[in-house]
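Examining the three-dimensional arrangement
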Amino acid sequence: MSTGSRNTWEAWARSVPPLACVSTREPCPDPMATATRLARAGLAGQYVVYEADGGVWHFAAGSDVSVTADTGGITARAAGRTWTSRTDGRPLAAFADALSALRDEDDEGSRGEENAGGRHFYGWAAFELAHLLHADPASAGDRPLLHALVPSVEVTLGGDSTVVRAVDEAWARKVADLLAEPAAGQPSARDEPVREGTEGIIAAGSAAYGRAVARTVGDIRAGLLEKAVVSRKVPLPAERHPDFPATYLAGRRANTPARSYLLDLGGYRAAGFSPETVLEVGDDGRVSTQPLAGTRALGADPAENERRRAELLSDPKEIHEHAVSVRLAWDEMAAVCRAGSVVVEEYMAVRPRGSVQHLASRVTGRLRPDTGPWDAFASLFPAITATGVSKRAALQTLARHEDGPRGLYGGAVFRGSTGGALDAALVLRTLIGTGDEAWLRAGAGVTAQSSPEREIEETCEKLRSVAPYLRFSED
């Protein structure tokens, strides 16, 4: 590819140690709590917990091997060395080039990796990458847009086994010792939501948000776009410090996400319960995306939930919002998939996602021989349900009406492999932190039929998936 020197990335890839120590243990009775305990242990400077499809949790940690890209440059680190290159405004292409060098090392057989899918990497993509892909490059800013960790140790916690992969025996022993410890001191599976103060937190900024919705409705009625997902940031009190692992465990017990994640990675901390994936790519080239659009609250009363479900399925605004999202997802899939392979496998099902229920569809296809997972990512990112229709016009609208950059919110947290797989969760319903700041954020799909009052309430409904489960450090 055209960004970065191939020799640069080959030299970096040769410096990345293989996960040569592999062991299989008995399954853990509570993989979610075990993964959280590993995260809390502070094994390395960076870690990720990623809940994949089928109730499998992955824990990855390390600090020596990483790749970070922004608008102007890309930096790769391994074995105490640093490699840099220009990105020429194409950070995603440079990022893909660097990671593909790891695949080339695997193909040469020099890795000794006991993993048919190849070596795994974990990372995130900031929402502002979208401006480079679809809209105004000047709006992308100068902060990192992509970051990936190639772990020194990886633990897969499945239903029938626990698999530990490590670069050496020292790492393997550290993890084995932690896995052997009793699971004491973890929050209870019945950890109750904290209602006191929750409504005050989620109401912050709602009046300003209502005005942003009204301005967006004006843009839509003027013919500038069909839909925009306008969001609002909810800062947490500066004097309180969130406990991200405890928040993750309490929140995950109460939520029904498509994916979940807990991380301290590349300058961001996050604990999230993603309602949908941006994309899922298999080693065989099958790709899918899962747009969710259209929302009603989900509570403890089954009869009321059913009433809201029926209302959701018959509301013209919600149906229109969902239909235009599915239409655009189809177009974006068709751009990278084999002709005739794109299908809508599921249309307008209702999915429970924590404190809300959504209209959900799934669009699938098969990648063309000349495209790969990062081409699909470039086409589908950011999710339609976090931007709008058209994507370019929606991004321009959000830049005008939202307060500051989104950063991780509306972006993606992903797990990929050198074998061609890529699983990317949409960053919504997430506690986010960087430096001394921490915040929540939520948005709603705005169309010509929207009212500020309803969209404010929708953001509150979504925030209730996270806010009641916030846990704070005692210091």
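Residues numbered from 1 in each chain as written. Predicted model: local features only at pLDDT ≥ 70, side-chain atom pairs only at ≥ 80, totals over all residues. Heavy atoms only, no water.

Structural notes on the overall build of the chain
Each helix and strand in the chain was counted, giving 13 helices and 23 strands. Against the compact-globule benchmark of 23 Å for 475 residues, the chain has a radius of gyration of 22 Å, which places it among compact chains. Considered along the principal axes of its C-alpha atoms, the chain spans approximately 60 × 50 × 40 Å. A separation of at least 24 residues holds for 73% of the contacts in the chain among residues at least 6 apart in sequence. Accessible surface for the chain amounts to roughly 18,200 Å². Of this, 49% is attributable to carbon and sulfur atoms. (Helix = DSSP H or I, 4+ residues; strand = E, 2+ residues; numbered from the N terminus. Rg over C-alpha atoms; globule rule 2.2 N^0.38 Å. Contact = heavy atoms within 4.5 Å. Areas by Shrake-Rupley, 256 points an atom, 1.4 Å probe, with all protein chains shown as cover.)

Regarding the side chain of Thr418
Secondary-structure assignment places Thr418 in the loop between β20 (412-417) and β21 (422-426). Side-chain polar atoms of Thr418 contact the backbone nitrogen of Arg119, separated by 2.8 Å. (Polar contact = N/O pair within 3.5 Å; in protein donor to acceptor, adjacent residues only side chain to side chain.)

Description of the nonpolar core
Counting 94 residues, the largest nonpolar core has Trp12, Phe95, Leu279, Trp374 and Phe377 as its most contacted members. Setting aside residues up to four positions removed in sequence, Phe377 forms contacts with Leu92, Ala125, Leu129, Leu279, Ala412, Leu422 and Ala424. (Core = buried A, V, L, I, M, F, W, Y, C linked by side-chain atoms within 4.5 Å. Buried < 20%, exposed > 50% of the residue type's maximum accessible area, 1.4 Å probe, protein only.)

Section: the pairing of strand β12 (residues 259-265)
With 6 of 7 residues buried, β12 lies mostly within the body of the structure. Looking at chain direction, β12 and strand β13 (residues 268-274) are connected through 7 bridges and run antiparallel. Across the sheet, Leu263 pairs through a bridge with Ala270, a residue of β13. Here β12 folds back onto β13, and the loop between the two strands holds 2 residues, one of which, Gly266, carries a positive phi near 60 degrees. (Pairing = 2+ DSSP bridges.)

With respect to the layout of surface pockets
Taken as a whole, the second largest pocket spans an internal volume of roughly 370 Å³. Looking at the second largest pocket, it is lined by 20 residues, and the ones nearest its centre are Ala52, His58, Arg415, Ala421 and Asp423. Mapped onto the lining of the second largest pocket, the elements with two or more residues apiece are β2 (46-52), β3 (56-62), β14 (277-281), β20 and β21. When residues of the lining of the second largest pocket are assigned to their parent elements, the largest contribution, 3 residues, is made by β20. By residue class, the composition of the lining of the second largest pocket is 6 nonpolar, 7 polar and 7 charged. (1 Å grid on protein atoms, 1.4 Å probe; cavity = no way out; pocket = protein on both sides within 12 Å on 5 of 7 lines; lining within 4 Å. Points joined across faces, edges and corners; volume = space filled by probe spheres on them. Nonpolar A, V, L, I, M, F, W, Y, C, P; charged D, E, K, R; others polar.)

A look at the packing of helix α7 (residues 206-221) against helix α12 (residues 391-401)
Between α7 and α12, the shortest axis-to-axis distance is 10 Å and the interhelical angle comes to 145 degrees. At the point where α7 passes α12, the crossing takes the right-handed sense. For the pair α7 and α12, contact is made by Ala212, Arg215, Thr216 and Asp219 and by Thr397, Arg400 and His401, respectively. By residue class, the composition of the contact of α7 with α12 is 1 nonpolar, 3 polar and 3 charged. (Axes fitted to C-alpha atoms, helices over the stretch in contact; angles between N-to-C directions. Left-handed = near helix turned anticlockwise from the far one by under 90°.)

What to know about the side chain of His401
Counting through the fold element by element, His401 comes out in helix α12. A residue is classified by how much of its surface remains accessible, and His401, at 13% relative accessible area, is buried. Beyond its immediate chain neighbours, meaning those up to four positions away, His401 contacts Ala212, Arg215, Thr216 and Asp219.

Description of the environment of Pro182
Along the polypeptide, Pro182 turns up in the loop between α5 (169-180) and α6 (198-202). With relative accessibility at 65%, the residue Pro182 sits in the exposed group. Along the primary structure Pro182 and Thr34 are separated by 148 residues, whereas in three dimensions their C-alpha atoms are 9.8 Å apart.

Considering the sheet that holds strand β9 (residues 153-157)
Read from one edge of the open sheet, 11 strands run β1-β10-β9-β3-β2-β12-β13-β22-β23-β11-β19, paired in antiparallel fashion. The open sheet terminates on both sides in strands that have one partner only, identified here as β1 (21-25) and β19 (388-389). Across 5 bridges, β9 lies against strand β10 (residues 162-166) in antiparallel orientation. Within β10, the position partnered with Glu154 by the bridge is Arg165. Set on the sheet, α7 makes contact with β11 (227-235) and β23 (437-446); between it and β11 the angle comes to about 165 degrees. Its contacts with the sheet place helix α8 (residues 244-254) against β2, β3, β12, β13 and β22 (430-434), and it is angled at close to 0 degrees to β13.

A short note on the environment of Gly388
Here Gly388 shows up in strand β19. For the pair Gly388 and Ile456, spaced 68 residues apart in sequence, the C-alpha to C-alpha distance is 17 Å. Not counting chain neighbours up to four residues away, the residues in contact with Gly388 comprise Lys227, Ala228, Val229, Leu328 and Ala394.

Digging into the packing of helix α2 (residues 31-40) against α8
Packed helices, taken two at a time, are described by their axes: the angle between them and the distance between them. Taken N-terminus to C-terminus, the directions of α2 and α8 make an angle of 170 degrees; their axes are 10 Å apart at the nearest point. By the criterion of interaxial angle, the relationship of α2 to α8 is roughly antiparallel. Side by side, α2 and α8 meet where Met32, Ala33, Thr36 and Arg40 of the first sit next to Pro245, Ala246, Tyr248, Leu249, Arg252 and Arg253 of the second. In terms of residue class, the contact of α2 with α8 is made up of 6 nonpolar, 1 polar and 3 charged. (Parallel < 35°, antiparallel > 145°, perpendicular 65-115°, else oblique.)

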